[in-house]
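Working through the structure, step by step
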Amino acid sequence: EAQVTQNPRYLITVTGKKLTVTCSQNMNHEYMSWYRQDPGLGLRQIYYSMNVEVTDKGDVPEGYKVSRKEKRNFPLILESPSPNQTSLYFCASSSRRNEKLFFGSGTQLSVL
Amino acid sequence: GESVGLHLPTLSVQEGDNSIINCAYSNSASDYFIWYKQESGKGPQFIIDIRSNMDKRQGQRVTVLLNKTVKHLSLQIAATQPGDSAVYFCAENFRDYGGSQGNLIFGKGTKLSVKP
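Quick caveat, the model's predicted, so the values are computed rather than measured.

A look at the overall build of chain B
Helix and strand counts for chain B stand at 0 helices and 10 strands. Overall, the C-alpha framework of chain B stretches about 50 × 30 × 20 Å when taken along its three principal axes. Classification of the 116 residues of chain B by burial places 41% in the buried group. The long-range share in chain B, meaning contacts at least 24 apart out of those at least 6 apart in sequence, stands at 55%. Of the roughly 5800 Å² of accessible surface on chain B, a fraction of 47% belongs to carbon and sulfur atoms. Taking the 12 positively charged and 10 negatively charged side chains of chain B as two groups, their mean positions are separated by 1 Å.

Right under this line is the structure:
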């Protein structure tokens, strides 16, 4: 089954404690992206990757890092999480940038 | 749980009726548009897309209409069912006037509630 898998589904952490949210896709997509979704603000792009070892900033990249060492994986790293990063995060992939994105089920992050 | 539905415009329809969800987009140079459906507790799911060289596209029970003159997009759902209850949002593939591709811009969404 074609899918984007992200883990964990829920995460509660404290300010400053580094964390990684994993994302994996099984569709051989070149394009992958991370979004955060906040009430009243809609989906906003954090980072995206056009291919292995090619990443670029989205609209809200501050406080986040990503890496793309393999085509299927695109982890999101918060080196020092802060409460304003409490949000619902989605990973997505597609064969072509911005088109027909497949989304994961989301990671609800709370930073205390 | 997630609260992404807070303060969203809501459309309430009777089961079996047709639904029309509207979206205004920002940039006349945008060349590709998508509708997504997001059910509670799930990630957005692709419904239908349309390119700017078209003004209408039909899928299974869904139709997207594009009016470039007024920068307006609509999603029509025929014979709405309880399983259609979700938040629907549009997205535009932003391009600047030089043709360079920008990021996908998502609308805030409309909550569709289907009464049995």
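Back to the write-up after that little detour.
Brief notes about the state of the cysteines
Applying the stated criterion to the full structure yields 2 disulfides over all chains. Between the sulfur atoms of Cys23 of chain A and its disulfide partner Cys91 of chain A the distance amounts to 1.9 Å. Sign of the S-S torsion, about -75° for the bond between Cys23 of chain A and Cys91 of chain A, identifies this disulfide as left-handed. Placement of Cys23 of chain A in strand β3 (residues 19-25) and of Cys91 of chain A in strand β9 (residues 87-94) is noted, with a sequence separation of 68 residues between them. Note on accessibility: Cys23 of chain A and Cys91 of chain A belong to one class, buried. Each sulfur of the disulfide joining Cys23 of chain B and Cys90 of chain B lies 1.6 Å from the other. Here the residue Cys23 of chain B occupies a position in strand β2 (residues 19-24), and Cys90 of chain B occupies one in strand β8 (residues 86-95), the gap between them amounting to 67 residues. A single burial state applies to Cys23 of chain B and to Cys90 of chain B, both of which are buried.

Focus on the sheet that holds strand β8 (residues 76-78) of chain A
Residue and element names in this part refer to chain A. Strand order in the open sheet formed by 4 strands is β1-β3-β8-β7, and the pairing between neighbours is antiparallel. Edge positions in the sheet fall to β1 (4-7) and β7 (65-66), since each has one partner strand and no second. One ladder, built from 3 bridges, connects β3 with β8; its direction is antiparallel. Opposite Thr20, over in β8, you have Ile77 as the bridge partner.

What to know about the interface of chain B and chain A
Of the residues lining the interface, 23 residues belong to chain B; the matching set on chain A comes to 25 residues. At the boundary of chain B and chain A, one finds 1 salt bridge. Our count for the contact surface shared by chain B and chain A stands at 8 residue pairs in polar contact (both at pLDDT 80 or more). Among the elements that line the side of chain B that touches chain A, the one with the most residues is strand β9 (residues 101-106) of chain B, at 5 residues. Within the side of chain B that touches chain A, the residues separate by chemical class into 10 nonpolar, 8 polar and 5 charged.

Observations regarding unusual backbone geometry
The amide bond that connects Asn7 of chain A to the next residue, Pro8 of chain A, takes the cis arrangement and shows omega of 0°. As for its placement among the helices and strands, Pro8 of chain A is situated in the loop between β1 and β2 (10-13). For Asn28 of chain A, which is not glycine, the phi torsion reads 60° and is therefore positive. Relative accessible area serves as the criterion here: at 57%, Asn28 of chain A is assigned to the exposed category. In this structure, Ala79 of chain B is a non-glycine residue whose phi angle is positive, near 45°.

Overview of the packing of aromatic side chains
Under the defined criterion, the tally for this structure stands at 12 aromatic pairs over all chains. When the centroid spacing of 6.5 Å and the interplanar angle of 75° are considered together, the rings of Phe103 of chain A and Phe106 of chain B count as edge-to-face. Here Phe103 of chain A is found in strand β10 (residues 102-103), whereas its partner Phe106 of chain B is found in strand β9 on a different chain. Here a set of aromatic residues connected by ring pairs shows up, and it is made of Tyr35, Phe90 and Phe103 of chain A together with Tyr36, Phe46, Phe89 and Phe106 of chain B.

So, the confidence of the model for chain B
All names here are of chain B. Chain-level statistics for chain B give a pLDDT mean of 90 and a share of 92% at 70 or above. Taken element by element, the predicted model of chain B shows its lowest mean pLDDT in β9 (84) and its highest in strand β5 (residues 56-58) (98). A low-confidence stretch, residues 1-5 stays under pLDDT 50, and its non-local contacts, those more than four residues away or across chains, total 9 contacts.

Basis of the calculations
Residues numbered from 1 in each chain as written. Chains lettered and ligands numbered in written order. Predicted model: local features only at pLDDT ≥ 70, side-chain atom pairs only at ≥ 80, totals over all residues. Heavy atoms only, no water. Helix = DSSP H or I, 4+ residues; strand = E, 2+ residues; numbered from the N terminus. Buried < 20%, exposed > 50% of the residue type's maximum accessible area, 1.4 Å probe, protein only. Contact = heavy atoms within 4.5 Å. Areas by Shrake-Rupley, 256 points an atom, 1.4 Å probe, with all protein chains shown as cover. Lys, Arg positive; Asp, Glu negative; His and termini not counted. Charge placed at Lys NZ, Arg CZ, Asp CG, Glu CD. Disulfide = S-S within 2.5 Å. Pairing = 2+ DSSP bridges. Salt bridge = Lys/Arg side-chain N within 4 Å of Asp/Glu carboxyl O. Polar contact = N/O pair within 3.5 Å; in protein donor to acceptor, adjacent residues only side chain to side chain. Nonpolar A, V, L, I, M, F, W, Y, C, P; charged D, E, K, R; others polar. Phe/Tyr/Trp six-rings, centres within 6.5 Å; stacked < 30°, edge-to-face > 60°. pLDDT = per-residue confidence, 0-100.

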